[in-house]
Structure formats: structure tokens, C-alpha cells
Amino acid sequence: MNHQMSAAAPSTPWDEVDLVSVESLLRLSEADGPCVSIYLPRSVQGPDVRLGPSRLRTLVRQAAADLSEAGVDDRVATELLAQLRALESDEDFWRVRAPGLALFVATGLALHARLPVAPSEQVVVGEAFRLRPLIPLVTPSGGFLVLALAQNRVRLLHGTRETVAELPLAPIPSSMREAIPQEETERHGQSHSGGHTGGRLEQQVHGQGNEADYDKAALERFFRAVDEPLTQRFGRRGEPLVLACVGYYLPIYRQVSRYPALVDQAIEGNPEHRTAGELHAAAWELVAAEITEREQVLQNRFREADGTGLTASDPEQLLAASRDGRVDTLFLTTDATQAAGAAPNGAPTSAPPDDDVLIDSAVRETIRHGGRCVPLTVLPVPGKAAALLRY
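All values reported here derive from a predicted model rather than from experimental measurement. (Residues numbered from 1 in each chain as written. Predicted model: local features only at pLDDT ≥ 70, side-chain atom pairs only at ≥ 80, totals over all residues. Heavy atoms only, no water.)

A. Focus on the pairing of strand S4 (residues 109–115). Most of S4 sits out of view: seven of its seven residues are buried. On S4, burial covers both faces: Leu109, Leu111, Ala113 and Leu115 on one face and Ala110, His112 and Arg114 on the other are all buried. With three bridges joining them, strand S1 (residues 15–17) and S4 adopt parallel strand pairing. Residue pairing in the sheet places aspartate 15 in a bridge with leucine 111 of S4. Here strand S3 (residues 100–106) pairs with S4 via seven bridges, running antiparallel. (Buried < 20%, exposed > 50% of the residue type's maximum accessible area, 1.4 Å probe, protein only. Helix = DSSP H or I, 4+ residues; strand = E, 2+ residues; numbered from the N terminus. Pairing = 2+ DSSP bridges.)

Here is the structure:
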């Protein structure tokens, strides 16, 4: 890679995504090099929570060395690195906590994503962005959502077989009080006399656990205010959605919900008293069979097509087929999507093996040509990737 330019590219404002989508992957796949990809795990609590800026500083130094080694013009490299260095001192950026960050910069593009799972720490410099660690976040094969629904607090969690993380809510309301104006809440609720304050009768509205205090119309309005932005943001992903709420809410929410993959069973009881780990364990029991069945169906499809010329697993063949638009489904090992390119001791690296480079390119070309990329716990054949071909 040798990019000689007479002037630095103009600075590009950062774009942020709170959950990676196929659309954002497509946008990243169309970027022209040089491209810098940085994956950074973060501590969301404890003494290491403030180490993000210093860890990013270390990774930016690694990116600078890699850009120089790749022969990128100094002016171009300086502009790309300036985008990243600007985040080091951005207090607002670090105030929002998530288990992981993915940062992408190229000429005319700067995007960062907050990840619900912690990635392997790594820096990759090349002609294209490193997208493979994001694949498990855009496929419904192994992920699910948990909506912890209470009048006083709404939480949204994203889980996989092994992990769980709380997602930012906006624009989903965080409580019934936020979803419905106060005067309307009081009109719908059964209030009672709680004493006098300054000659004014104080109205008290019962809290979570007194479901009968709110009539069905108020709950329906609250649930629609939650469900509509949730469905708009996540409905097309097709991930199962598990409700965690008191039993009285279940038929009402199901009646108003338009989410396409709402799980029949729910985690019953007040979710305010449950940790994210407890909700994850309970939800996994409800979705494990469905997710395992999805993986088995995909593996069976590959095995049925194997030997017919409609499968491939060699990295060079995968890349050639993906460039021709022949890949229908590209299967990736979950270990490879998370950790390929990471040094064994956890140190950041930017020099993945040749096969990883070929597979990364196959991922990019598959996305460009409308194919699917799906992580599997176990591939139907040995290796890091395999594909079902269209022809």
C-alpha cells in the first residue's frame, strides 16, 4: 500500500452507531484505503473504567507505525491519526460506557460503534476495514434481546450464548413517567390522599408492583411508546426478544407489540430486582433451543450441498466466489470473528495471517454483493470459514 497525496484530506466529523447494522457494514465495506480499524475492550465498572483514553493512545501509536510501514503519505497518515487522537481528550465520548469500542477512519469517513461485547484489542491498517469481529452483532443466528419492562425503569440488554451487555435506550423511554406526561399519568392512575403540602393535596401514584393502579389504556400507551422505537431500531435484525416483566403486563404488551420475533415465554416477576447476569441466564434458557436449531439448519444446508460444487472453504476460493457475487451465505467460526488477528498474549496486532486477510476480504465482498455472513459455533467443515454458493 503506497498512498502518495500532496495534501491532507479534510477532517471528517465522527458518526456514531449504538448497534452495528448491515447498513453500517455496507457503508464501511465501500471505503477506500488506507483504512484504520481499532477494536478496544472497555471496563464498565471498577478501577480500570478510566483507562480507555490511555489504551486508545497506545493503539493510535501502533496505527501510526503501521501506516508508516505501509508507505502511506505522511500528510494522509497525520490526518487519519488526528481523527483518532481527538477522541482521547473527548470527555463526552468516554462518559458513555460499553463493553467495547470499534473505531474506523479513512479519507472522508470516521465512524465509531459501541459494542455490546468486548472485542479482542487490535489495530488493523489496510486497503479496507476489518469487519469480521462485527459479524456476530448483525446476524440473528446467535444473538437475542431482553426487554426489562417496569414502570419505574426500562432496560434493554443484548445477549449471546456467553455474553450480555446493556444497550443505550434512546429514543426508547426509560420509564412510564417519561413515556407519558405526568398529568396524563395521574389522570390514568388511581391516586390517593397522601397528606397536604402547603395547603395542597399531595397526589401519590403507586409504584411498580401495584399493577392495578394503572388502567389498561395507560399501560398500552406506555408499551407502544417503548415498542415502536425498539421495533424500528432492531426489528429488521430478526433477533428473538425476551420480555422480563410482571405477569400482568405480558398479554397487554403482546397485544400492542409489532416486534417480529417476540418470544412466547417471558421472564416473569419485577425485573428491577434482577441483575443483567440473572436476566441473561433466564433468557438464554428460553432462546437456547431456537438458536441451536438455527445453527443446525444452516449446517445441514451446507452438508446437503457439499460435493455439488455449491460449497467452498478454501480462503482463496472464498474470495474469488465473493468477488463474483456467488456467495449466498459465508459461515465464520465464532472464535475467528472475535479473535482473529489478536496476539496470543492479548497485545494488539495488525498483522493477521494471510488466510485471515483473504477471509476479511471475502467478508467485505460478500456484504457488497448482498450475501449473508453468519457466525457458527462449529463449522460444518474444518477451517475458519466456509460458504454456500448461489451458483
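B. Highlighting the pattern of salt bridges. Throughout the structure, instances matching the rule amount to 13 salt bridges. For lysine 384, the salt bridge identified is with aspartate 356, shortest N-O distance 3.2 Å. Taken as a pair, lysine 384 in the loop between strand S15 (372–376) and strand S16 (385–389) and aspartate 356 in helix H12 (residues 354–368) lie far apart in primary sequence, 28 residues in all. (Salt bridge = Lys/Arg side-chain N within 4 Å of Asp/Glu carboxyl O.)

C. Up close: H12. If you check H12, its first and last C-alpha atoms are 21 Å apart, about what 15 residues at 1.5 Å a residue would give, namely 21 Å. Regarding H12, the residues found buried are Asp356, Ile359, Asp360, Ser361, Ala362, Val363, Arg364, Glu365, Thr366 and Ile367. Those residues of H12 that are buried are in contact with helix H1 (22–29), helix H10 (315–323), strand S14 (327–333), S15 and S16. Following H12 by one or two positions, glycine 370 adopts a phi angle in the positive range, close to 80°. (Expected span 1.5 Å × (residues − 1). Contact = heavy atoms within 4.5 Å.)

D. How the structure looks around the confidence of the model for the protein chain. With 81% of its residues at a pLDDT of 70 or more, the protein chain has an overall mean of 82. Throughout residues 3–10 the model reports pLDDT below 50, and contacts reaching past four residues in sequence, or to other chains, amount to 18 contacts. Ignoring residues within four places in sequence, the model shows residues 190–213, a span with pLDDT below 50, making 38 contacts including any to other chains. (pLDDT = per-residue confidence, 0-100.)

E. Region of the structure containing the sheet that holds strand S7 (residues 154–159). If you trace the five strands from one edge of the open sheet to the other, you get S8-S7-S6-S11-S12, paired in mixed fashion. Edge positions in the open sheet fall to strand S8 (164–166) and strand S12 (267–268), since each of these has one partner strand only. Alignment of strand S6 (residues 144–149) against S7, held across six bridges, turns out to be antiparallel. Within S7, the position partnered with leucine 149 by the bridge is valine 154. Strand contacts of helix H7 (residues 216–234): S6, S7 and strand S11 (241–245), with the helix running at about 165° to S6, the strand carrying the most contacts. With respect to the sheet, helix H9 (residues 276–305) is in contact with S6, S7, S8, S11 and S12, its orientation differing from that of S6 by roughly 135°. (Axes fitted to C-alpha atoms, helices over the stretch in contact; angles between N-to-C directions.)

F. View of the packing of aromatic side chains. Inspection of every chain in the model, using the stated rule, returns nine aromatic pairs. Between phenylalanine 104 and phenylalanine 129 the ring centres are 5.2 Å apart and the planes differ by 75°, which places this aromatic pair in the edge-to-face class. Here phenylalanine 104, found in strand S3, pairs with phenylalanine 129, found in the loop between strand S5 (122–126) and S6; they are 25 residues apart in sequence, far enough to count as distant. Across this residue pair, the class does not change: phenylalanine 104 and phenylalanine 129 are buried. In this structure an aromatic cluster arises from ring pairing among Phe222, Phe223, Tyr248, Tyr249 and Tyr253. The lysine or arginine in question, arginine 114, covers the ring of phenylalanine 93, its NZ or CZ lying 4.8 Å from the ring centre. Cation over ring: arginine 326 sits above tyrosine 391, and NZ or CZ is 5.8 Å from the ring centre. (Phe/Tyr/Trp six-rings, centres within 6.5 Å; stacked < 30°, edge-to-face > 60°. Lys NZ or Arg CZ within 6 Å of the ring centre and 35° of its normal.)

G. The arrangement of the sheet that holds S15 in detail. Strand order in the open sheet formed by four strands is S13-S16-S14-S15, with mixed pairing between adjacent strands. Every other strand in the sheet has two partners, leaving strand S13 (311–312) and S15 as the edge strands with one partner each. Strand contacts of H9: S13, S14, S15 and S16, with the helix running at about 110° to S15, the strand carrying the most contacts.

H. Layout of a negative patch on the surface. On the surface, a cluster of negative charge is made up of Asp314, Glu316, Asp354 and Asp355. Counting through the fold element by element, aspartate 314 comes out in the loop between S13 and H10. (Patch = residues over 30% accessible without salt bridge, like charges linked within 9 Å, V, L, I, M, F, W, Y side chains within 5 Å. Areas by Shrake-Rupley, 256 points an atom, 1.4 Å probe, with all protein chains shown as cover. Lys, Arg positive; Asp, Glu negative; His and termini not counted. Charge placed at Lys NZ, Arg CZ, Asp CG, Glu CD.)

I. Inspection of the nonpolar core at higher detail. Core analysis: the largest hydrophobic core is formed by 35 residues, its most contacted members being Phe104, Phe129, Leu134, Leu330 and Val363. Mapped onto this core, the elements with two or more residues apiece are H1, strand S2 (35–41), S3, S4, H10, S14, H12 and S16. Excluding residues within four positions of it along the chain, phenylalanine 104 makes contact with Trp14, Leu28, Val36, Ser37, Tyr39, Leu109, Ala110, Leu111, Phe129, Arg130, Leu131 and Leu134. The next biggest cluster of nonpolar side chains, apart from the first, holds 29 residues, and it includes Ala179, Leu230, Leu241 and Ile252. (Core = buried A, V, L, I, M, F, W, Y, C linked by side-chain atoms within 4.5 Å.)

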